[in-house]
Amino acid sequence: MGGSSSTGWGCIRAWNGYSKVLQKVVQHLEGGIVSDILVQDGDLVESGEPLLILDDTQPETSLEIVNSQFIALKMREARLIAERDGLKTVSYPTQLALSSASAAQEVEAQNEVFFARKAAHEGRIQILEQRVEQLKSQVIGLDAQRRTQRNAGPII
């Protein structure tokens, strides 16, 4: 039994001395795999009484996937905040970081990305600082050359 789960149920209702059979189709909105049917055709049931049990393997798996994605995104968010704020280390949400082995792996992966990007950023800063120093030296040299030309006077 799989796919969209539906089953019928019925009951007999007394009405002015006559009996009337009421039947209703029961359908789960999202479907699923039926693991057990608790009633048989023709059984009398009360309102709210369970009719069947759906297997929870698929929803549990979906929940685990969504939880893993949530943890990964929260860890990424923590890394991006640390990068934005120029922090030396990333401060991860403690409860999430300790929640599972996959969370610990995500922390490790985000730390690798953080330190690699931090090193690259610092390398770019060093290159730019060196370039600034070169340009300062060039300005000093050009100023000295201009002063020399002023002091030399006109060439005859």
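This text gives an overview of the structure that appears in the document.

What counts, and at which threshold
- Residues numbered from 1 in each chain as written.
- Predicted model: local features only at pLDDT ≥ 70, side-chain atom pairs only at ≥ 80, totals over all residues.
- Heavy atoms only, no water.
- Helix = DSSP H or I, 4+ residues; strand = E, 2+ residues; numbered from the N terminus.
- Buried < 20%, exposed > 50% of the residue type's maximum accessible area, 1.4 Å probe, protein only.
- Contact = heavy atoms within 4.5 Å.
- 1 Å grid on protein atoms, 1.4 Å probe; cavity = no way out; pocket = protein on both sides within 12 Å on 5 of 7 lines; lining within 4 Å.
- Points joined across faces, edges and corners; volume = space filled by probe spheres on them.
- Nonpolar A, V, L, I, M, F, W, Y, C, P; charged D, E, K, R; others polar.
- Expected span 1.5 Å × (residues − 1).
- Core = buried A, V, L, I, M, F, W, Y, C linked by side-chain atoms within 4.5 Å.
- Patch = residues over 30% accessible without salt bridge, like charges linked within 9 Å, V, L, I, M, F, W, Y side chains within 5 Å.
- Areas by Shrake-Rupley, 256 points an atom, 1.4 Å probe, with all protein chains shown as cover.
- Salt bridge = Lys/Arg side-chain N within 4 Å of Asp/Glu carboxyl O.
- Lys, Arg positive; Asp, Glu negative; His and termini not counted.
- Charge placed at Lys NZ, Arg CZ, Asp CG, Glu CD.
- Polar contact = N/O pair within 3.5 Å; in protein donor to acceptor, adjacent residues only side chain to side chain.

Our next topic: the environment of Leu 87. Within the secondary structure, Leu 87 sits in the loop between α1 (57-85) and α2 (94-97). On the accessibility criterion, Leu 87 (37% relative accessible area) is partly exposed. Excluding residues that lie within four positions of it along the chain, Leu 87 makes contacts with Ala 82, Phe 114 and Lys 118.

Here the largest pocket defines a volume of roughly 220 Å³. For the largest pocket, the full set of lining residues is Ala 82, Glu 83, Gly 86, Leu 87, Phe 114, Arg 117, Lys 118, Ala 120, His 121, Glu 122 and Arg 124. For the lining of the largest pocket, the elements supplying multiple residues, two or more each, are α1 and α3 (101-152). Grouping the amino acids of the lining of the largest pocket by side-chain chemistry returns 4 nonpolar, 2 polar and 5 charged.

It helps to recall that an α-helix has 3.6 residues per turn; residues three or four apart then point in one direction. Under the 1.5 Å per step criterion, the end-to-end length of α3 is 76 Å for 52 residues, consistent within 8% with the ideal 76 Å. Within the sequence span of α3, burial applies to Ala 103, Val 107, Gln 110 and Phe 114. Buried positions along α3 lie against α1 and α2.

Another aspect to go through is the nonpolar core. Within the largest apolar cluster, 11 residues are counted, these being Ile 71, Met 75, Ala 78, Ala 82, Val 90, Tyr 92, Leu 96, Ala 97, Ala 103, Val 107 and Phe 114. At the level of elements, α1, α2 and α3 are the ones that each hand at least two residues to this core. Looking at this core, the element that brings in the most residues is α1, giving 4 residues. Beyond its immediate sequence surroundings of up to four residues, Val 107 is in contact with Met 75, Tyr 92 and Ala 97.

A cluster of like negative charges, contributed by Asp 41, Asp 43, Glu 46 and Glu 49, occupies part of the molecular surface. Summarising the element assignment, Glu 49 is placed in the loop between β3 (34-37) and β4 (52-54). Residue classification places Glu 49 among the partly exposed positions, given a relative accessible area of 35%.

Let us look at the side chain of Arg 79. By the secondary structure assignment, Arg 79 is in helix α1. Among the polar contacts made by the side chain of Arg 79, one reaches the side chain of Glu 83 at a distance of 2.7 Å. When sequence neighbours within four positions are dropped, the list of residues in contact with Arg 79 reads Val 90, Gln 110, Val 113, Phe 114 and Arg 117.

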